[in-house]
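What follows is each chain in one-letter form.
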Amino acid sequence: MHYDIRLTLHYDYESWAGGGRHQIRVMPQTIPGVQRVIAASLSFSPEPAERSDFSDFFRNHVAAIAYRDAHETLDVKMSARIAVKRPEPGLDVSPTVPALGEEIRQVLSLAPDAPHHFLASSDHAGIDPAITAYAAESLASGSVLAVANHLCHRLHDEFAYDNEATTVATHAADAFRLKRGVCQDFSHVMIAGLRGLGIPAGYVSGFLRTIPPAGKERLEGADAMHAWVKVWCGREMGWQEFDPTNAMRAGNDHITVGHGRDYSDVAPIVGRLKMTGGQVGEQSVDVVPVG
């Protein structure tokens, strides 16, 4: 599949900002065997006084920008053409959960994709006894892949999608108590549950193509950034990706921007402003299939 993607982040400040620094993570990345960036651009209005582009520890593209002059709005615009072709799911050759621990110990690497980074509690996905107990109900499924898939479907069936129940600051334990939230919350709960069982799990940020109902046209700007989960399923299968919000494995409609331990590693924009008062933000995303 080929996609044209357009993203706009717009911020209105309550008062003039005298300066600011931000890190932006919205550029899709090339992942061998999964997706390829054909062309991409990232722009800002107003133009920043400083800009540097680099890859962070998890190989996510980061644009670091700085402003010195007063401004009352900020626009971030990203456009890209992406080719996605994920491999077909193969046979389940993942180990059982007890056997997984030995396979993890045999990974003598601390590379960005090493499973060791994705076992401990992190800011938004802390290991929680209640979530671990909930996830343990999926252990009867057998293999690591089957456990992850079972938990993925349970979260979809037993939690309510509610875009007013949580915020970007909500932690897994809070979303679990509410039994509701958005894709970020579904993903954090799944990550926390798997880590509690000793299964490495991480957060994936990206885009998801949405398909309108039959006879209806796509709404421009109706898509949004999406989140799902990657799970280390042993040496043979490596990282596999699951979308608990939609009860499915990640497929060719999932376009990856970045990976991390949780949302805080791949937040679209973080930074500091020299100002008083608040701000209001809007996000618009278009994911358009092309020939």
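Data block above holds the structure.
Conventions and cut-offs
- Residues numbered from 1 in each chain as written.
- Predicted model: local features only at pLDDT ≥ 70, side-chain atom pairs only at ≥ 80, totals over all residues.
- Heavy atoms only, no water.
- Pairing = 2+ DSSP bridges.
- Helix = DSSP H or I, 4+ residues; strand = E, 2+ residues; numbered from the N terminus.
- Axes fitted to C-alpha atoms, helices over the stretch in contact; angles between N-to-C directions.
- Buried < 20%, exposed > 50% of the residue type's maximum accessible area, 1.4 Å probe, protein only.
- Arc of directions from axis to C-beta.
- Contact = heavy atoms within 4.5 Å.
- Polar contact = N/O pair within 3.5 Å; in protein donor to acceptor, adjacent residues only side chain to side chain.
- Phe/Tyr/Trp six-rings, centres within 6.5 Å; stacked < 30°, edge-to-face > 60°.
- Lys NZ or Arg CZ within 6 Å of the ring centre and 35° of its normal.

Draft legend 1. Layout of the sheet that holds strand β15 (residues 279–290). On the basis of which strands lie adjacent, the open sheet formed by 4 strands has the order β3-β6-β1-β15 and antiparallel pairing. Both outer strands of the open sheet, β3 (35–45) and β15, are each paired with one neighbouring strand and no more. Strand-to-strand, the axes of this sheet are offset by a mean angle of 10°, without reference to chain direction.

Draft legend 2. Looking closely at the sheet that holds strand β14 (residues 269–273). Within the open sheet, the 4 strands sit side by side as β4-β5-β2-β14. Their pairing is antiparallel. In this open sheet, the two strands that pair with only one neighbour each are β4 (50–55) and β14. Across this sheet, the average inter-strand angle for adjacent strands is 10°, counted without regard to direction. In this structure, strand β2 (residues 20–24) lies alongside β14, joined through 5 bridges in antiparallel fashion. Following the sheet pairing, Q23 is matched in β14 by V270.

Draft legend 3. Focus on helix α2 (residues 129–136). Considered for burial, the residues of α2 that qualify are I131, T132, Y134 and A135. Down the axis, α2 shows its buried residues gathered within 160° of arc, on one side only. Looking at the packing, one finds that the buried side of α2 touches α3 (144–158), α4 (172–178) and α5 (183–196). For α2, the N-terminal cap is D128; the gap from its side-chain oxygen to the backbone nitrogen of A130 is 3.0 Å.

Draft legend 4. Examining the packing of aromatic side chains more closely. Applying the stated criterion to the full structure yields 9 aromatic pairs. Where Y134 meets F176, the ring centres are 5.4 Å apart and the plane angle is 70°; that geometry is what we call edge-to-face. Of this pair, Y134 sits in helix α2 while F176 is found in helix α4, placing the two residues 42 residues apart along the sequence. As far as the burial class goes, Y134 and F176 line up, both buried. Taken together, the ring pairs connect Y134, F159, Y161, F176 and F186 into an aromatic cluster. The ring centre of Y134 lies 3.9 Å from the NZ or CZ of R154, which sits over that ring. Over the ring of F176 we find K179; its NZ or CZ atom is 3.7 Å from the centre of that ring.

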